[in-house]
Every structure is written in structure tokens, then in C-alpha cells.
Amino acid sequence: MTELNQQTTYDDNNIFAKMLDGDIPYHKVYEDDKTLAFMDIMPQAEGHVLVIPKQKAVDLADLEPEYAAAVLMTSKKVMQAQRQVFEREGVIQMQLNGSQAGQTVFHYHVHLIPSSIHELGRHAVTQADNSDLADIAQKLLAVIDA
Ligand code: 5GP
């Protein structure tokens, strides 16, 4: 039987927890009382956004219903903004549960990637230019705020 390197308890020092605590910078796209959306630093396509709940959840198994609903509604806002900014219909919504699935940050998050399943770049490999991320975040923010 394969041994799993599975994380089941929430680590308060994970990178997204540090963002929520204001200890690490990020390019914000949207925030409300239950969620935060920001640019993925190693995007699988231009405009790759992550949506996280303000709840200590490792993966989907831990997510409370009110946060699940809030993440979905924020994801909808972000996806609509991506459609407008990138002038494309196709946006991938992806979410990985467990290291066996490829999850690398153990704070629940939804990926929203303006791409096609046939063109998707590699997962968490190539770091984007910081100023490009800042520009895209501003464009998405402006559309969501409008
Ligand atoms: P997972 O593999 O857990 O589904 O996805 C984690 C995502 O977080 C990856 O797409 C990766 O590029 C992104 N990521 C990892 N570290 C950072 C970081 O420090 N800042 C941002 N904005 N994204 C990160």
C-alpha cells in the first residue's frame, strides 16, 4: 500500500494563513468578510486567481457551509471579471484535495484559470513577473468594483 504524505491538521504557518494575517504580500483581487481572492504567483495561465475562505480549512472536508457558499460566490465574481478582462468565455475552476491530488498549500483554495484544459500550463512551476501580476490584479479589481 502506498504511504500518503497527507496533511490533515491545519498549520497556522501555511503561506495563505500568513497572507490572511497580513504577514506576506499578495496582489488582491477581491476581499469580503469571509473570503479573499488574489493572484497566483506561479500562474498556469495569465490571470490565474486563487480564492480562499477566512476559515482554517485544510481541504474541502473541513469547509463549513457558510464559507463554502462564500467561496463559491466570490469565485463567481472573479470568473465574471476574468471573462471581461481577458475577453474569453473559458475559465477553469479547479481545487485539489490532498497531496496525492497535487495540493501543495494546505489552506483550502479554489483556482480560477482563464485557460482551456488542453492549454493549461504546469502546476506551481514558473513564477510570474511581479509587475504583471499587479497590473492584472488592478484590472480585475476595477471590474469587480464597478
Ligand atoms: P495547490 O497546489 O495547493 O492546489 O495550489 C497552491 C497554489 O498556490 C499554486 O498554484 C501556487 O502557484 C500558489 N502559491 C504558492 N505559493 C504562493 C505564494 O507565496 N503566493 C501566491 N500568491 N501564490 C502562491
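Heads up: the structure comes first, above all this text.
Here we summarise the structure given alongside this text.

## Focus on the site of the ligand
Part 1 of the argument: Around the ligand, 18 residues are found, and the nearest of them are D40, T104, H109, H111 and H123.
Part 2 of the argument: Between V105 and the ligand, the recorded distance is 2.9 Å, taken from a backbone N or O atom to an oxygen atom.
Part 3 of the argument: The side chain of H123 places a nitrogen or oxygen atom 2.5 Å from an oxygen atom of the ligand.
Part 4 of the argument: Taken by itself the ligand offers 520 Å² of open surface, and the protein chains cover 91% of this.
Part 5 of the argument: At the level of elements, α1 (15-20) and β2 (35-39) are the ones that each hand at least two residues to the shell around the ligand.

## Re the pattern of salt bridges
Part 1 of the argument: A complete count under the given rule lists 5 salt bridges for this structure.
Part 2 of the argument: For the salt bridge of K34 with D33, the shortest nitrogen-to-oxygen distance reads 3.6 Å.
Part 3 of the argument: Taking the relative accessible area as the measure of exposure, K34 reaches 21% and is therefore partly exposed.
Part 4 of the argument: In this structure, a network of salt bridges that share partners links the residues K28, E31 and K54.

## What to know about the side chain of S116
Part 1 of the argument: Looking at where S116 falls in the secondary structure, it is placed in the loop between β5 (110-113) and α3 (130-145).
Part 2 of the argument: Relative accessible area serves as the criterion here: at 19%, S116 is assigned to the buried category.
Part 3 of the argument: Among the polar contacts listed, one links the side chain of S116 to the backbone nitrogen of H118, at a separation of 2.9 Å.
Part 4 of the argument: Among residues more than four places away in sequence, those in contact with S116 are R88 and I92.

## What to know about the packing of helix α2 (residues 65-86) against α3
Part 1 of the argument: Running from amino to carboxyl end, α2 crosses α3 at an angle of 115°, the nearest separation of the two axes being 9 Å. Classified by the angle their axes make, α2 and α3 are roughly perpendicular. The element α2 and its partner α3 pack so that their crossing is right-handed. Counting all contacts with α2, which are made through K77, V78, A81, Q82, Q84, V85 and F86, the residues of α3 involved are I136, K139, L140, V143 and I144.
Part 2 of the argument: Of the residues that constitute the contact of α2 with α3, the class distribution is 8 nonpolar, 2 polar and 2 charged.

## Quick look at unusual backbone geometry
Part 1 of the argument: The residue E87 is not glycine, and still its phi comes out positive at about 50°.
Part 2 of the argument: Within the fold, E87 resides in the loop between α2 and β4 (92-94).

## Remarks on the layout of surface pockets
Part 1 of the argument: Looking at the largest pocket, its volume works out to about 430 Å³.
Part 2 of the argument: Along the walls of the largest pocket sit 24 residues, with F16, M19, D40, I41 and L50 positioned nearest its centre.
Part 3 of the argument: Within the residue set of the lining of the largest pocket, elements represented by two or more residues are α1, β2 and α3.
Part 4 of the argument: Considering each element in turn, the lining of the largest pocket owes the most residues, 3 residues, to α1.
Part 5 of the argument: Here the lining of the largest pocket is composed, by residue class, of 15 nonpolar, 8 polar and 1 charged.

Thresholds applied
- Residues numbered from 1 in each chain as written.
- Predicted model: local features only at pLDDT ≥ 70, side-chain atom pairs only at ≥ 80, totals over all residues.
- Heavy atoms only, no water.
- Near = heavy atom within 4 Å.
- Polar contact = N/O pair within 3.5 Å; in protein donor to acceptor, adjacent residues only side chain to side chain.
- Areas by Shrake-Rupley, 256 points an atom, 1.4 Å probe, with all protein chains shown as cover.
- Helix = DSSP H or I, 4+ residues; strand = E, 2+ residues; numbered from the N terminus.
- Salt bridge = Lys/Arg side-chain N within 4 Å of Asp/Glu carboxyl O.
- Buried < 20%, exposed > 50% of the residue type's maximum accessible area, 1.4 Å probe, protein only.
- Contact = heavy atoms within 4.5 Å.
- Axes fitted to C-alpha atoms, helices over the stretch in contact; angles between N-to-C directions.
- Parallel < 35°, antiparallel > 145°, perpendicular 65-115°, else oblique.
- Left-handed = near helix turned anticlockwise from the far one by under 90°.
- Nonpolar A, V, L, I, M, F, W, Y, C, P; charged D, E, K, R; others polar.
- 1 Å grid on protein atoms, 1.4 Å probe; cavity = no way out; pocket = protein on both sides within 12 Å on 5 of 7 lines; lining within 4 Å.
- Points joined across faces, edges and corners; volume = space filled by probe spheres on them.

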